[in-house]
Amino acid sequence: DAVVHWFKRDLRVRDNTGLSMAGKLAEELGRGNGVIGLWILSPQDWEAHLVSPAKCDFELRSVAVLGQELAELGIPLHIEVVEKRRDVPRRVVDLAKEWGAKNVFCNLEYEVDELRREERMVRMLLEEGIAFHPQHDDCVIAPGSLKTGAGKQYAVYSPWFRAWVAHLHAHPHLLQERPMPDKNPAGFREKCAHLFDTPIPKAPESKSLSAEDKQRLTALWPAGEIAALERLERFLTEKVGRYAATRNFPAENTTARVSVHHAAGTLAARTSVRLARDVNSTKKLDGGNEGIKSWISEVAWRDFYRHVLVHWPYVCMNKPFKYEYTHIPWENSPTHFSLWTRGLTGYPIIDASMRCLRSTSYLHNRLRMVVASFLAKHLLLDWRLGEQYFMTHLIDGDFSSNSGGWGFASSAGVDPQPYFRVFNPWLQSRKFDAEGVFIREWVEELRDVPVGEDVHDPYGAGGEAEKVARRNGYPRPVVEHRFARERCLGRYKAGIGRE
Ligand code: FAD
């Protein structure tokens, strides 16, 4: 018999709960049984979820690596393209029948549509006499496991994080590595020889990268689980110790840059937390090295936002977590939105960030907060425009982390920045890119501003900085900072709680 593992956002063979359990069951069933891997691309699903072309390409490259890793275990990876996403469950059922499988495993995705799909599949498979086994794997701790003293879901990060750490210390098996499946027996491999070496499909036209972008992004973001583990190990050897002190400085490349792997599932968050814990002298999640502690607490944000999403699924439906923030009277100027996306706002740190995002499909966390705050509070554009723009451009686009980040910066989300806290882009810039290294890297027009001159606000500073900005046609600020701040406070005050 075949035991099927359906890969989705878990493109790896190591430390994969569903795959591991599929392997275990095949072994228990005895000789002649083995595992078949399945991956289905639904172009409509990619469209519906606004997946960026960079991320689509990363997934396809990761699937190619997954196929090779599985082949080493004698496990075939069958790949199919199913245009419409509502047809995917039927296709999984039909393939399972065709392969004579009695069991299908997968790891759960927690967004509303995905949970509904899985619910439908339990019934569809059962009607065919096939058992469906969706597993908790995507979070270190399964959503719903942590409750406040009053038995409720946490809506504030700090107490939630303390509970998260305590729970893991009390249940250390949650961090244990899930064993890889054994090799498929030779007889089984022969029976399904025709399923090996399925070609990797091409991305649909609307999600394709130009040859130049593909080359650049492939070099920047090597795909697959081996690359993920190498990147993580390098970070844990070379950088994590100083993470707490250095993590906010974008020009210094001090963070792990593994979000792309967490998002595609080429690296489990569990693996990241375990390996970080293991390099801590205390072998604990708290105590010991500040950098390690701080990094683990960042990875935990990912779990936090997923727990929130499962408990308050309306955040998946384009609604703010704080429903009283539903009717902020936004300006929604298409011109301002366009200037923001193209990095032409006249605020160097914003423009450098947006150009970096366009070129690398990635942005440092501090800068994500700064540009998100600028969009919602300085430009008074509905934060959902920015949220969607990020999804369609990030290589690590991830619904709950992205929506959580936008909710934080716009003050409409869970445990957010208070609405009256409006980032001053110049102060952020002077604090976190003091020498203007990041700005000069991305804003060509300001590259020649001499070191020591105020590159953060060239028109405000005057002198050589202004001369260079004028000469190279760098724009003046699209909105005056003090005016924007006052306008924002007024609008938020007027909008909060409005029916
Ligand atoms: P590190 O600093 O090394 O952190 C390690 C890991 O922890 C990350 O890889 C990531 O998986 C997780 N993590 C860190 N910070 C956060 C956070 N604030 N929320 C959730 N997880 C976190 N992250 C995404 O993965 N996808 C997104 O689409 C996304 N959109 C964002 C939008 C906004 C407006 C903001 C403010 C943040 C967003 N983040 C998102 C979170 C964060 O910016 C990135 O995870 C981080 O910059 C990735 O770089 P890194 O891997 O070097 O992170």
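None of these values were measured; they are calculated from a predicted model.

> Looking at this structure, I do not really get the overall build of the chain. What am I missing?
Tallying secondary structure elements over the chain gives 23 helices and five strands in all. At 24 Å, the chain has a C-alpha radius of gyration in line with the 23 Å of a compact globule built from 499 residues. Seen through its principal axes, the chain has C-alpha atoms that stretch 80 × 55 × 50 Å.

> Help me understand the nonpolar core, please; the structure alone is not making it clear to me.
Nonpolar side chains in soluble globular proteins tend to end up buried together. By size, the foremost hydrophobic cluster in this structure holds 130 residues, and its most contacted members are Val-4, Leu-38, Val-92, Ala-96, Val-104 and Leu-375. Excluding its chain neighbours within four sequence positions, the residues that come into contact with Ala-96 are Val-4, Ala-101, Val-104, Leu-125 and Ile-130.

> Teacher, can you tell me more about the UniProt feature "site: Electron transfer via tryptophanyl radical" (unreviewed entry) in the chain here?
Mapped onto the present numbering, the UniProt feature "site: Electron transfer via tryptophanyl radical" (unreviewed entry) falls at Trp-330, Trp-383 and Trp-406. With respect to the helices, strands and loops of the structure, Trp-330 is situated in the loop between helix 13 (290-311) and helix 14 (334-342). Residues within four places of Trp-330 in sequence aside, it is in contact with Leu-380, Leu-381 and Asp-382. Dropping the residues within four chain positions of it, Trp-383 is found in contact with Ala-372, Leu-375, Ala-376, Trp-406, Ser-410 and Ala-412.

> What's the story with the site of the ligand in this structure? I'm lost.
Every one of the 29 residues lining the ligand counts as a neighbour, but Thr-255, Ala-256, Ser-259, Asn-402 and Gly-405 are closest to it. A per-element tally of the shell around the ligand places helix 18 (residues 399-410) first, with six residues. The residue makeup of the shell around the ligand, split by class, is 12 nonpolar, 10 polar and seven charged. Counting contributing residues, the shell around the ligand receives three or more from each of domain 2 (139-177 + 224-311) and domain 3 (323-495).

> Explain the pairing of strand 5 (residues 131-135) here, please?
A regular strand carries its side chains on alternate faces of the sheet. Where strand 4 (residues 103-107) and strand 5 come together, five bridges link them in parallel fashion. Within strand 5, the residue paired with Cys-106 across the bridge is Pro-134. A crossover connection joins strand 4 to the parallel strand 5 through helix 5 (residues 112-127); in handedness this β-α-β unit is right-handed.

> Which parts of the structure should I look at to understand unusual backbone geometry?
Generally, phi is negative for residues other than glycine and the peptide bonds are trans, each holding for most cases. For Asp-197, which is not glycine, the phi torsion reads 60° and is therefore positive. Checked against the element boundaries, Asp-197 lands in the loop between helix 7 (186-191) and helix 8 (211-220). We note that Asn-318 has phi near 70°; this positive angle belongs to a residue other than glycine. Following the sequence through the fold, Asn-318 ends up in the loop between helix 13 and helix 14.

> Got a minute to help me understand the sheet that holds strand 5 in this structure?
Note: strands within a sheet are paired through backbone hydrogen bonds, in either parallel or antiparallel orientation. Strand order in this open sheet of five strands is 3-2-1-4-5, and the pairing throughout is parallel. Because the sheet does not close on itself, it has two edges, and the strands there are strand 3 (77-81) and strand 5. Strand-to-strand, the axes of this sheet are offset by a mean angle of 25°, without reference to chain direction. Where strand 1 (residues 2-7) meets strand 4, four bridges bridge the pair, whose relative direction is parallel.

Each value, and the rule that gives it
Residues numbered from 1 in each chain as written. Predicted model: local features only at pLDDT ≥ 70, side-chain atom pairs only at ≥ 80, totals over all residues. Helix = DSSP H or I, 4+ residues; strand = E, 2+ residues; numbered from the N terminus. Rg over C-alpha atoms; globule rule 2.2 N^0.38 Å. Core = buried A, V, L, I, M, F, W, Y, C linked by C-beta atoms within 7 Å. Buried ≥ 20, exposed ≤ 12 C-beta atoms within 10 Å, placed from the backbone. Contact = placed C-beta atoms within 7 Å. UniProt positions renumbered as here; feature names shortened; annotations may be inferred. Near = placed C-beta within 6 Å. Nonpolar A, V, L, I, M, F, W, Y, C, P; charged D, E, K, R; others polar. Domains from an automatic or database assignment. Pairing = 2+ DSSP bridges. Right-handed = clockwise from strand over helix to strand, strands pointing away. Axes fitted to C-alpha atoms, helices over the stretch in contact; angles between N-to-C directions.

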